[in-house]
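Now for the letters of each chain:
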Amino acid sequence: MTAPRVRFAPSPTGYLHVGGARTALFNWLFARRHGGVFVLRIEDTDVERSSAEMVEGILDGLRWLGLDWDEGPKVGGPYGPYFQSDRLDRHRAMADRLVAGGHAYYCYCSSGDLKAKREAAEKAGGAGRYDRTCCKLSSAEIAARERSRTPRAVRFRVPDGTRRFDDLVHGSIEVDCAHIEDFVVLRSDGQPTYQLSVVADDVEMAITHVVRGDDHISNTPKQILLYEALGAPLPRFAHVPLILGPDKKRLSKRHGATSVMEYARQGYLPEAMANFLALLGWSPRTDQELFSRDELVAAFALEGISGGNAVFNPEKLEWFSQQHIARLAPDELAMRLKPIFEASAIWEDSFLGSRHAWFFSVLELLKPRARRLDDFAAQGRFFFTDTVEYDPAAVEKHLREVGLREHLLAVDAELGTLSTFDAASIEAAVRAVAGGRSVKAATLIHAIRVAVTGKSVSPGLFEVVSLVGRERVHARLRAAVRLVSSRPV
RNA sequence: GUCCCCAUCGUCCAGAGGCCCAGGACGUGGCCCUUUCAAGGCCAAAACACGGGUUCGAAUCCCGUUGGGGACGCCA
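Because the structure is predicted, anything quoted here is derived from the model rather than measured.

### Notes on the pairing of strand 2 (residues 37-40)
- Note that strand 1 (residues 5-8) and strand 2 share four bridges and pair parallel. Considered in strand 2, the bridge of Phe8 is made with Leu40.
- Tracing the backbone out of strand 1, into helix 1 (residues 18-33) and back to the parallel element strand 2 gives a crossover that is right-handed.

What follows is the structure, given as structure tokens:
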């Protein structure tokens, strides 16, 4: 395949949602797979609803996912400008060409006329298609309207016949033009409509493959007509199915988080999100589930996209996130954690310097139970603070055994005699105390866990004790003893 | 209403006529490991929407039904 050119063309009327993100991902993967060009074009012609902040939001989302664009905002490129609002003159020129070539005509109907026509047609049970009133105007009638300066829009004259195209995911799709009305390509205020601007831009940007949402299938025949009228070569089309919420309705805000940046804030790994999104509706046709970004690029093919809509499954995203976290190299993980730890006020630069061996050991311990980056801070806080916060339920459950005061004192004393404060020595010491005092090791272990971590769940206790360190463990054991002593039994 | 798309476990996918009394993953249940929670290992339950064809043979092809989704704007 000669280097394809694909584009992602979001309208900045909202943040980058997961559906758009997946469309962008498929385009990006396709471009990278085939050594092509990934173009980012901002379709901001709906001035009412578009905003610069939204553009930045979308860019942030793409950057977070690692989808770098070869041409577009910030980076420019030979086919610019990449903001559709800067291309209006070109679109108008296209509209003129269409009129000049007899493919379009001026329409003087007001929106009121149109609405009336539509309602009348509906009442009569017919399709509400435009009745071509203005297409049938005599030159005298046209002259009269021009003289009275009646506002005019430009309508495309839809030819007879059928149009078919081979969609890369759906196969052959054929539509009878009789079902397509003469659509407006240029509004009476001189603004081009979407149908005209996408085609104009895709043609001028030499887009070879249009990969976009399923919801554009019905626009495609209109656009094909436009390509024909413009004498431009047709790109290949690939319409990817939509992402649905659990209720099988199109994913929307009421389904919870739909912005990719929302997931970023929640501590999901971007590579996990990309992996998850890629497999939502696409299959490598093997049993492999876990993919690095490079592996996705190597395996991606538009042909593997399935035709049916897919339901967004948050649990599976969590699983991917956990799997990718588990595979992160220690120093990489540390870098990702830094901002989160800083926000939690538990970051210290020595984690990457003098104490990095210790820090990495802590992370290794926390890793298997982390599903999101936030979990490291939430579940491992006690490693990084001087004092622990006790979970009342944990205290209640494990620190009320009779004789615990003495048991803990004994443990503390025994730990104090250890020459090396490693997990094996600690375990031996704790079990020895338990045996010597005829108390179950589990009882001591649970009590020590609450004393040292404040919680009833943690990684393996002996490793935890070892890494929290002799000094802090001693202090926490003494604090727990005081806590136990002060409680009525 | 019209047009278009889709239809395999709860969910995401595999399956391109015999390899399928249907395979993988998430989730769910059980067991193992075990100091808790995870992770990990093992096992289990769980689906070809329905009806007609075509064929020696259909999850796979065709038609219909039903169901779901999308589109029908001087929005994108």
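### Observations concerning the environment of Arg63
- The residue Arg63 is located in helix 2 (residues 52-65) in this model.
- Separated by 164 residues in the primary sequence, Arg63 and Tyr227 place their C-alpha atoms 32 Å from one another.
- Non-local contacts of Arg63, meaning those with residues more than four positions away in its chain, are made with Glu56 and Trp69.
- In this structure the side chain of Arg63 is engaged in a polar contact, spanning 3.2 Å, whose partner is the side chain of Asp60.

### A few points about the protein's contact with RNA strand B
- RNA strand B sits among 63 residues. The nearest are Cys109, Arg187, Lys249, Arg369 and Arg449.
- Atoms of RNA strand B within 4 Å of the protein belong to the sugar or the phosphate in 71% of instances, the rest to bases.
- Of all the elements in the fold, those that place two or more residues in the surface near RNA strand B are helix 4 (111-123), strand 4 (153-156), strand 6 (171-176), helix 6 (194-204), strand 11 (310-311), helix 11 (314-326), helix 18 (441-453) and helix 19 (461-468).
- By residue number, the principal contributor to the surface near RNA strand B is helix 11, which donates five residues.
- In terms of residue class, the surface near RNA strand B is made up of 19 nonpolar, 23 polar and 21 charged.

Cut-off values and rules
Residues numbered from 1 in each chain as written. Chains lettered and ligands numbered in written order. Predicted model: local features only at pLDDT ≥ 70, side-chain atom pairs only at ≥ 80, totals over all residues. Heavy atoms only, no water. Pairing = 2+ DSSP bridges. Helix = DSSP H or I, 4+ residues; strand = E, 2+ residues; numbered from the N terminus. Right-handed = clockwise from strand over helix to strand, strands pointing away. Contact = heavy atoms within 4.5 Å. Polar contact = N/O pair within 3.5 Å; in protein donor to acceptor, adjacent residues only side chain to side chain. Near = heavy atom within 4 Å. Nonpolar A, V, L, I, M, F, W, Y, C, P; charged D, E, K, R; others polar.

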